[in-house]
Amino acid sequence: MDNYEAIQALHKSLPPFSPYVPASLLPSIALILLASTFALTFYFSTLPKDTFPLRETAVASLASVLGGFGVVALFCSVGVNV
């Protein structure tokens, strides 16, 4: 039981969690990321089809990454902490 009490004392002495990004900025970050995702998706749909789709792959990958982070920021801004 001595080990449990030591861990409990250590837990009580630690500072509370504070996020790197303030929660008040999350709606703005989500809006910027999701708006840029939709803009890149529109740009992707207007690209000419190349034989070697390097530009298409880069634009689609960037839109996918921005969309993923945008959805996570949106979820966290409404209280669904993922």
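Use the structure listed above.
Residues numbered from 1 in each chain as written. Predicted model: local features only at pLDDT ≥ 70, side-chain atom pairs only at ≥ 80, totals over all residues. Heavy atoms only, no water.

J.: Quick question: what am I supposed to make of the overall build of the protein here?
T.: Summing up its helical and strand segments, the protein has 3 helices and 0 strands in all. Taken over C-alpha atoms, the radius of gyration comes to 21 Å for the protein, far larger than the 12 Å a tight globule of 82 residues would show. Across its three principal axes, the protein shows a C-alpha extent of roughly 70 × 30 × 15 Å. Burial analysis of the protein (82 residues in total) assigns 17% to the buried set. Put simply, of all contacts in the protein between residues at least 6 apart along the chain, 50% involve residues at least 24 apart. (Helix = DSSP H or I, 4+ residues; strand = E, 2+ residues; numbered from the N terminus. Rg over C-alpha atoms; globule rule 2.2 N^0.38 Å. Buried < 20%, exposed > 50% of the residue type's maximum accessible area, 1.4 Å probe, protein only. Contact = heavy atoms within 4.5 Å.)

J.: So what exactly am I meant to see when it comes to the nonpolar core here?
T.: In a soluble, globular protein the nonpolar side chains are often hidden away together inside. Residues Leu 33, Leu 40, Leu 47, Val 59, Ala 63 and Leu 66 constitute the largest nonpolar core, which totals 6 residues. Looking at this core, the elements that each hand over two or more residues are α2 (26–46) and α3 (54–77). Examining the composition of this core, we find that 3 residues originate from one element, α3, more than from any other. Residues within four places of Leu 47 in sequence aside, it is in contact with Arg 55, Glu 56 and Val 59. (Core = buried A, V, L, I, M, F, W, Y, C linked by side-chain atoms within 4.5 Å.)

J.: Could you clarify how one ought to interpret the layout of surface pockets in this entry?
T.: Taking a probe equal in size to a water molecule and rolling it over the atoms shows the remaining empty space. A volume near 300 Å³ is recorded for the largest pocket. Around the largest pocket sit 13 residues that line it, and Pro 19, Val 21, Leu 26, Cys 76 and Asn 81 are the ones nearest its centre. In terms of residue class, the lining of the largest pocket is made up of 11 nonpolar, 2 polar and no charged. (1 Å grid on protein atoms, 1.4 Å probe; cavity = no way out; pocket = protein on both sides within 12 Å on 5 of 7 lines; lining within 4 Å. Points joined across faces, edges and corners; volume = space filled by probe spheres on them. Nonpolar A, V, L, I, M, F, W, Y, C, P; charged D, E, K, R; others polar.)

J.: Which parts of the structure should I look at to understand the packing of α2 against α3?
T.: Packed helices, taken two at a time, are described by the angle between their axes plus the distance between the axes. Where α2 meets α3, the closest approach of the two axes is 8 Å, and the angle between their N-to-C directions is 155°. As the angle between them shows, α2 and α3 are arranged roughly antiparallel. Between α2 and α3 lies a crossing whose hand is left-handed. Its residues assigned to classes, the contact of α2 with α3 comprises 19 nonpolar, 6 polar and 2 charged. (Axes fitted to C-alpha atoms, helices over the stretch in contact; angles between N-to-C directions. Parallel < 35°, antiparallel > 145°, perpendicular 65-115°, else oblique. Left-handed = near helix turned anticlockwise from the far one by under 90°.)

J.: Honestly, a nonpolar patch on the surface in this entry has me stumped. Any pointers?
T.: On the surface, a cluster of nonpolar side chains totalling about 590 Å² of accessible area is made up of Val 71, Val 72, Leu 74, Phe 75, Val 78, Val 80 and Val 82. By secondary structure assignment, the location of Leu 74 is in helix α3. What makes Leu 74 partly exposed here is its relative accessible area of 37%. (Patch = residues over 30% accessible without salt bridge, like charges linked within 9 Å, V, L, I, M, F, W, Y side chains within 5 Å. Areas by Shrake-Rupley, 256 points an atom, 1.4 Å probe, with all protein chains shown as cover. Salt bridge = Lys/Arg side-chain N within 4 Å of Asp/Glu carboxyl O.)

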